[in-house]
Amino acid sequence: MRFATITTNEGPLYGIVTDEGFLALSPEFPQWSTLTDVIRAGALHDLARVAQGRTVTHENGTFTHAIPLPDPGKIICVGVNFPDRNAEYKDGQDAPPNMSLFIRFAQSFTGHGQNLIRPPESHQLDYEGEIAVVIGKPGRRIPQADAFDHIAAITLCNEGTLRDWVRHAKFNVTQGKNWDRSGAMGPWLVPFTHAAQLDDIRLTTHVNGELRQDDRTSRMLFPIRRQIEYISTFTTLLPGDIIVTGTPTGAGARFDPPRFLVPGDEIRISAEGIGTLTNGVEDET
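Here we summarise the structure given alongside this text. Starting from 1, residues in each chain are numbered consecutively following that chain's sequence as written. Residue-level local features of this predicted model are given only where pLDDT is at least 70; pairs of side-chain atoms are given and counted only at 80 or more, and the full residue set underlies all totals for whole chains, interfaces and linings. In computing side-chain values, all of the structure's heavy atoms are included and hydrogens and water are not.

This paragraph deals with the packing of aromatic side chains. Aromatic rings from Phe, Tyr and Trp, with only the six-membered ring used for Trp, were paired whenever their centres fell within 6.5 Å, and each pair was classed as stacked if the ring planes differed by under 30 degrees, edge-to-face if by over 60, and tilted otherwise. Scanning the model with the defined rule gives 5 aromatic pairs in all. A ring pair is formed by Phe-29 and Trp-32, whose centres lie 5.4 Å apart and whose planes are at 15 degrees; its orientation type is stacked. For the pair shown, Phe-29 and Trp-32 are each scored as buried. Ring geometry for Tyr-230 and Phe-234: centres 6.3 Å apart, planes at 75 degrees, overall edge-to-face. In this pair, Tyr-230 and Phe-234 are both assigned in helix α5 (residues 224-234), 4 residues apart and thus about one turn of the helix distant. Here, over-ring charges are defined by two tests on the NZ atom of lysine or the CZ atom of arginine: distance to the ring centre within 6 Å, and angle to the ring normal within 35 degrees. Just above the ring of Phe-255 sits the side chain of Arg-259; from NZ or CZ to the centre is 4.8 Å. Think of it in three bands: residues with accessible area under 20% of the maximum for their type are buried, residues over 50% are exposed, and the middle band is partly exposed, with areas taken using a 1.4 Å probe on protein chains only. Counting from the N terminus, the helices are DSSP H or I runs at least four residues long and the strands are E runs at least two residues long.

Right, here's the structure in full:
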């Protein structure tokens, strides 16, 4: 099943997305205000059980998507995590022994079908297609062999970046990664039940129909099991935390000349077994 958060005239709702529309379930679970609460309660299966045999409450076209977890915990992003991405830096260095990490804030993301916002301070808005994992079980110093036991669900991320702002300081990228609504997440959460959902799946990004990014999770420099092990070494991972796992080569900054996003562009990020996250672009008003 595909669990989502939407916005309607009634306000935000969570529930299940089908081909016909959306089945609202949040009114039946007042003890959980958001899908984040559902994840923390380990209760996705409760929603799935109640949804069996039900018809949609909202037809397609009557709602808009929000990010699936509107109030997540930590959002930790992994940088330079595919072989060709490391080569893009042209610094002559092999892949580092440990992964690069940075933090994003929830308000830097928007939902599926919404426009990314290009701010007036920079026209170097770029795309990065990624898979994100949602933690469902707390843990510290988690062994790789147990890492997948801590994942509740998976989703997609457009880890939009203002390229010139990631170079405003000597060693951090926080400024360029956290502009309001510069990235997107969704469209929904897919429950994680078996390793084949992550071990070797294809991830692609199309911009205006042109294939820009195309790789497989099996080629990650730091596989997702290793990410969970490494991150949980220094911070306790908690239900509702999100790890954004890295993007393949092909972002706009790596073209000559660069091909940054402009208003009217459409970005589609797809992964096998998860779905497609689609967003446009508009200037901030």
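Only when DSSP finds a minimum of two bridges between them are two strands counted as paired. Spatial strand order, β9-β19-β18-β15-β16: 5 strands in an open sheet with mixed pairing. Edge positions in the sheet fall to β9 (115-118) and β16 (210-216), since each has one partner strand and no second. The sheet shows a mean angle of 20 degrees between the axes of neighbouring strands, taken without regard to direction. Examined bridge by bridge, strand β15 (residues 202-207) and β16 share 6 bridges and lie antiparallel to one another. Along β16, the bridge assignment pairs Thr-205 with Gln-213. Think of each axis as a best-fit line through the C-alpha atoms, taken over the contacting stretch in the case of a helix, with angles from 0 to 180 degrees between the N-to-C directions.

Should a side-chain nitrogen of Lys or Arg be within 4 Å of a carboxyl oxygen of Asp or Glu, the pair is scored as a salt bridge. Counting across every chain of the model gives 19 salt bridges. Between Arg-212 and Glu-210 there is a salt bridge, with the nearest N and O atoms lying 3.2 Å from each other. The buried category is assigned to Arg-212, whose relative accessible area is 13%. Judged by relative accessible area, Glu-210 falls into the partly exposed class, the value being 32%. In this structure, a network of salt bridges that share partners links the residues Arg-104, Asp-126, Glu-128, Glu-159, Arg-163 and Lys-177.

Let us look at the environment of Leu-156. With respect to the secondary-structure elements, Leu-156 resides in strand β12 (residues 151-158). On the basis of relative accessibility, which here comes to 0%, the residue Leu-156 falls in the buried class. Separated by 94 residues in sequence, Leu-156 and Gly-250 have C-alpha atoms that sit 17 Å apart.

Moving on to the nonpolar core. Core analysis: the biggest nonpolar cluster contains 47 residues, and Ile-151 and Leu-198 have the highest contact counts within it. In this description, contact between two residues means that some pair of their heavy atoms is separated by no more than 4.5 Å. Beyond its immediate stretch of four places on either side in the chain, Ile-151 contacts Val-133, Val-134, Gly-136, Phe-192, Leu-198, Ile-224 and Ile-228. Here the nonpolar core consists of buried residues drawn from Ala, Val, Leu, Ile, Met, Phe, Trp, Tyr and Cys, with membership extended through side-chain atoms lying within 4.5 Å. Residues Phe-3, Phe-29, Ala-48 and Val-134 belong to the second largest nonpolar core, which totals 30 residues.

Turning our eyes to something else, we now look at helix α2 (residues 44-51). Of the positions making up α2, those classed as buried are Leu-44, Asp-46, Leu-47, Ala-48 and Ala-51. On its buried side, α2 packs onto β1 (2-8), β2 (11-17), β3 (21-24), α1 (35-40) and β12. Two residues or fewer after α2 comes Gly-53, characterised by a positive phi angle close to 75 degrees.

With that settled, consider the side chain of His-58. With respect to the secondary-structure elements, His-58 resides in strand β4 (residues 58-59). Pairs of N or O atoms within 3.5 Å make up the polar contacts considered here, provided that, within protein, one atom can donate a hydrogen while the other can accept it, and that residues adjacent in sequence are counted only when both atoms are side-chain atoms. A polar contact is formed between the side chain of His-58 and the side chain of Thr-57, at a distance of 2.7 Å. Non-local contacts of His-58, meaning those with residues more than four positions away in its chain, are made with Thr-8, Glu-10, Leu-13, Gly-21, Phe-22, Ala-24 and Phe-63.

As a further point, take the state of the cysteines. For the purposes of this analysis, a disulfide is any pair of cysteine sulfur atoms at a distance within 2.5 Å. Per the counting criterion, the structure on display carries 0 disulfides. Free cysteine Cys-77: the closest other cysteine sulfur is in Cys-157, separated by 6.4 Å.

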